[in-house]
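This is what each chain is made of:
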Amino acid sequence: MKLPLVTWTSFFTLVIFFELSSHCVADVRSITVAAKDAPQETRDSADFCCTGIDDQLTIRQAILALPSSGGTVQLSAGNFEIRKVPQTLGGIVIDRSFVTLAGHGAATRLRLAAGQNTNVIRIIGSGVGHVTIRDLAIDANRTENDQGTGDPNVSHDRFEFCGIKAFRQAPVGPAADEDCHDITIRNCHVKEAHRLGIMLEGSNMCVLDNVLGDAGSDVVEILTGPGIIRGNMIDIVGKTHVAIGTDRANDIIMAENVVRVRTGANLDIGFRSWAGSLRHSISGNVLTVDNRGACGLAMDLRGMQATVTGNVISAEHGSSRVKIGGGQTTVTGNVFENVTIEIDDTTELNLPVLLGINSLRNSQLDLKRGALEVLDSKLEVIESRASPE
């Protein structure tokens, strides 16, 4: 029987549709990489198999094998040994957009081998973006990688010894015109970095729902912004400079993070924003200092236009400080225990600092300089006015 023309037209339309659909599906794919100690059935079905030595080279092959439209490199459970690749800043180097590097949570373990003194994962390239690192356990092994120094006179050069770092170029060039952007680090375990655990420079940077540990400098830092640091658990057991910070960054949310300073541990600063930064929302965080632990500055907020709301800071067996260094800032609805709130506006713009109703125990206000407005009439105020510089 001869089919009507409209039926043949529909048939050919469906053929073309399925051809295009199959092409699109093939162009966005997942490539699997098996660890040396993965089960044999996992290795048999994987696209790439690691040897347990220089595993970053195999992972790099998988990244390069992704189509131009991008995709996911899926690492198996197991252990991956990471070494420095000569003439690079890693480790695992991601220098293209639309890449996801994923594992199986704490079961996928990346460890920097001894004496490498490099970043475990380095995202680099002009305009590189839409990169996600998720579900990995990263041990930067600073005990055996403590020789990285860098030139203090060259921007970024001292900070190429991180767990995960994103920055558009190498410290000494060649120059890249566009920042990295849209980088997400999610559900990773990152610990023991010689410099920073996670360092991201660019726009739309997100550090979400990770479990993080000690670092020689900052556990997490975002530069430039906008950015979000939310839902992270940070456990300080040794010496760390800053738990969560920003540098030259605007439009930042630091929310719902939990920082614990263990017995015998020392954290210099819990939460920090750099001088000149604008529009930080710091809310719903918890910072606890255990007996014989230390945290000199729970918050060191040097920028302006910040809101500090709904945070809990408890230095039950010691003392800490919340330092406000810029105006047009609001501090309200927080719970502070053994905390001194220090107002020291160094901007000389005389913009107001609003101190609302907070729940205070063994805490006080130290006014050094600034246009302070206090809503709580019961708050004890100590005026230790700073001397003019």
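Residues numbered from 1 in each chain as written. Predicted model: local features only at pLDDT ≥ 70, side-chain atom pairs only at ≥ 80, totals over all residues. Heavy atoms only, no water.

Undergrad: It is not clear to me how the overall build of the protein chain should be interpreted in this structure. Could you clarify?
TA: Looking only at helices and strands, the protein chain has three helices and 36 strands in total. Expressed as a percentage of its 389 residues, the buried residues of the protein chain come to 50%. Put simply, 64% of the contacts in the protein chain that link residues at least 6 apart link residues at least 24 apart. Accessible surface computed for the protein chain: about 17,200 Å², of which carbon and sulfur atoms make up 54%. (Helix = DSSP H or I, 4+ residues; strand = E, 2+ residues; numbered from the N terminus. Buried < 20%, exposed > 50% of the residue type's maximum accessible area, 1.4 Å probe, protein only. Contact = heavy atoms within 4.5 Å. Areas by Shrake-Rupley, 256 points an atom, 1.4 Å probe, with all protein chains shown as cover.)

Undergrad: Honestly, the packing of aromatic side chains in this entry has me stumped. Any pointers?
TA: Counted by the stated rule, this structure contains zero aromatic pairs. The ring of W274 has R302 lying over it, and the distance from NZ or CZ to the ring centre is 4.6 Å. (Phe/Tyr/Trp six-rings, centres within 6.5 Å; stacked < 30°, edge-to-face > 60°. Lys NZ or Arg CZ within 6 Å of the ring centre and 35° of its normal.)

Undergrad: Honestly, the pattern of salt bridges in this entry has me stumped. Any pointers?
TA: Close approach of charged atoms allows side chains with opposite charge to pair. Inspection of the entire model under this criterion finds 25 salt bridges. With its nearest N and O atoms 3.5 Å apart, the salt bridge here joins R272 to E221. You can see R272 sitting in strand β22 (residues 266-273) and its partner E221 sitting in strand β16 (residues 218-224), a full 51 residues away along the chain. The exposure classification of R272 matches that of E221, with both residues buried. A cluster of three or more residues bridged by salt bridges with shared partners is formed by R321, K323, E342, D366 and K368. (Salt bridge = Lys/Arg side-chain N within 4 Å of Asp/Glu carboxyl O.)

Undergrad: I keep staring at the sheet that holds strand β33 (residues 359-361) and nothing clicks. Help me out?
TA: Strands pair in a sheet through their backbones, by hydrogen bonds, and they do so in one of two ways: parallel or antiparallel. Spatially, the 11 strands line up as an open sheet ordered β4-β7-β10-β13-β15-β18-β21-β24-β27-β30-β33, and their pairing is parallel. Strands with a single pairing partner mark the edges of an open sheet, and in this sheet they are β4 (78-82) and β33. Where strand β13 (residues 189-191) and strand β15 (residues 211-212) come together, two bridges link them in parallel fashion. When the bridges of β15 are listed, H189 appears paired with V211. (Pairing = 2+ DSSP bridges.)

Undergrad: What exactly am I supposed to notice about the side chain of D218 here?
TA: By the element assignment, D218 lies in strand β16. By relative accessible area, D218 is classed as buried at 3%. A polar atom in the side chain of D218 sits 3.2 Å from the side chain of R272. Setting aside its immediate chain neighbours within four residues, D218 contacts R195, L196, G197, H241, V242 and R272. (Polar contact = N/O pair within 3.5 Å; in protein donor to acceptor, adjacent residues only side chain to side chain.)

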